[in-house]
Every structure is written in C-alpha cells, then in structure tokens.
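If you want the building blocks of each chain, they are given just below.
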Amino acid sequence: MGPEAITASAGVDESFKQAQMQRDPSPAPPPDGGIRAWSQVFAAHLINCLTWGSSASFGVYQLHYTETTLLPPSQVSWIGSIQIFLTFAISAFSGRSADAGYARHAVLVGTSLCVLGTFMTSLAKTYWQIFLAQGICEGIGMGIMYMPAVT
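The model shown is predicted, which means the values in this text are computed figures rather than measured ones. Every residue gets a number counted from 1 within its own chain, in the order that chain's sequence is written. It should be noted that, the model being predicted, local features are given only for residues of pLDDT at least 70 and side-chain atom pairs only at 80 or more, the latter also being counted only at that level, while totals for whole chains, interfaces and linings use all residues. Only hydrogens and water are set aside when side-chain values are computed; all heavy atoms of the structure are taken into account.

Segments assigned H or I by DSSP are reported as helices when at least four residues long, segments assigned E as strands when at least two residues long, and all are numbered from the N terminus. The span you would expect from a helix comes to 1.5 Å times its residue count less one. When the terminal C-alpha atoms of helix H4 (residues 73-123) are compared, their 21 Å separation across 51 residues is substantially less than the 75 Å that a helix rising 1.5 Å per residue should span. Bending of H4 peaks at approximately 130° at the position of Tyr 102. Bend is computed residue by residue as the angle between axes fitted to the seven residues ending at the residue and the seven residues starting at it.

What follows is the structure, encoded as structure tokens:
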C-alpha cells in the first residue's frame, strides 16, 4: 500500500467522522424536573419500601400471632399469603388506572387502606379480625398503591 492509499483512507475516515457528527449531534443533558420530580421519586421509593417491607417481614407477625392467639402457623400464614396475592392481583387494575391518569387517586386510596388496615390490626383480637385487617385491607391497599409508584 502506497502513500496515496494511506492519504486517501485517512481522508475517507475524516469525512466519515464529520458526516457522523452532523447526523448524531451530542445528546442533550438529561431533563431535571426540579424538586417536584425528585419528591415523586422519593415518594415512589417510600411506597416500594412500605409494600415489600411489610410483606417481607410477615414472619415477625406470624411468630407474634402464633404466640398470642395460639393458632397453628399454617393457619396464620394464610394472612400473609392473601396479603401478597392481593398486592399482585390488584396491581393489574391499579396499573391500568394509573395509565389512564388516576395515579394520584390510586396512591391516595391505597395509602388510606394501608393505614386503615394497620390501625384495625392493632385493635384485632381474633383470627378473622386480623385476617380481614392485615390480609385483606392492607393487601388491597398495597395493590392499589404499588403499581402507580413503579409505572
């Protein structure tokens, strides 16, 4: 390969680089939505922590319930199982409502149900009361508020 070929290939490489830069300008900086956007990110993080922290720590509740109500662990485990099932099952519908523009409403209703379920669990004395408060009410509340937070 002679000097002419090297000069010609260098010219082709240079013109290719210039054409590439003209077609693909440097990307713009990422948008920064300010304090409102970052507060939404923080709220979604807290919702995620609430939803899966409560479900993941059900073993602590199960130990407490088996010792205080003297119920078998297999019966008490239904509370946590229903809670997680409802979280996933309701998420399909709450995700659709969030896509339709009702994300704020879904989070508000879900949070209210979680708080109500937690308060009612503190007052519960029998198995069916705990099941309704923690299993059903909190499960539905977590399902309603979880999907809008991650979409």
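With that settled, consider the nonpolar core. If you look at the biggest cluster of nonpolar residues, it comprises six residues: Phe 58, Tyr 65, Val 76, Ile 79, Ala 124 and Ile 130. Sorting the residues of this core by element identifies helix H3 (58-69) and H4 as the ones contributing at least two each. Residues in contact with Tyr 65, not counting those within four places in the same chain, are Phe 58, Leu 70, Leu 71, Val 76, Ile 79, Thr 121, Ile 130 and Gln 134. For our purposes a nonpolar core is just a set of buried Ala, Val, Leu, Ile, Met, Phe, Trp, Tyr and Cys residues, chained together by side-chain atoms within 4.5 Å. The buried label applies to any residue whose accessible area, calculated with a 1.4 Å probe on protein chains only, is under 20% of its type's maximum; exposed applies above 50%, and partly exposed to all values in between. Formed by five residues, the second largest nonpolar core is a distinct cluster that contains Ile 47, Cys 114, Met 142 and Met 145. Working rule for contacts: check all heavy atoms of both residues, and any pair within 4.5 Å makes them a contact.

UniProt positions are given in the numbering used here, feature names are shortened, and annotations may be inferred rather than shown by experiment. The UniProt record annotates "transmembrane region" (unreviewed entry) at residues 76-94, 106-124 and 130-149. Span residues 76-94 is 100% helix and 0% strand, its end C-alpha atoms 27 Å apart. Structurally, residues 106-124 comprises 95% helix and 0% strand, and the distance from its first C-alpha atom to its last is 26 Å.

Moving on: the side chain of Ser 54. Summarising the element assignment, Ser 54 is placed in helix H2 (residues 34-56). Excluding its chain neighbours within four sequence positions, the residues that come into contact with Ser 54 are Cys 49, Tyr 61, Gln 83, Glu 138 and Met 142.

All right, on to a nonpolar patch on the surface then. Think of a patch as exposed residues, more than 30% relative accessible area, with no salt bridge, where like charges cluster within 9 Å and nonpolar side chains (Val, Leu, Ile, Met, Phe, Trp, Tyr) cluster within 5 Å. Note on areas: these come from Shrake-Rupley sampling with a 1.4 Å probe, and a residue is covered only by the protein chains present in the view. Salt bridges are defined by distance alone: a side-chain nitrogen of Lys or Arg within 4 Å of a carboxyl oxygen of Asp or Glu. Together, Val 115, Leu 116, Phe 119, Met 120 and Leu 123 give the surface a local cluster of nonpolar side chains, amounting to about 470 Å² of exposed area. Here Val 115 lies in helix H4.

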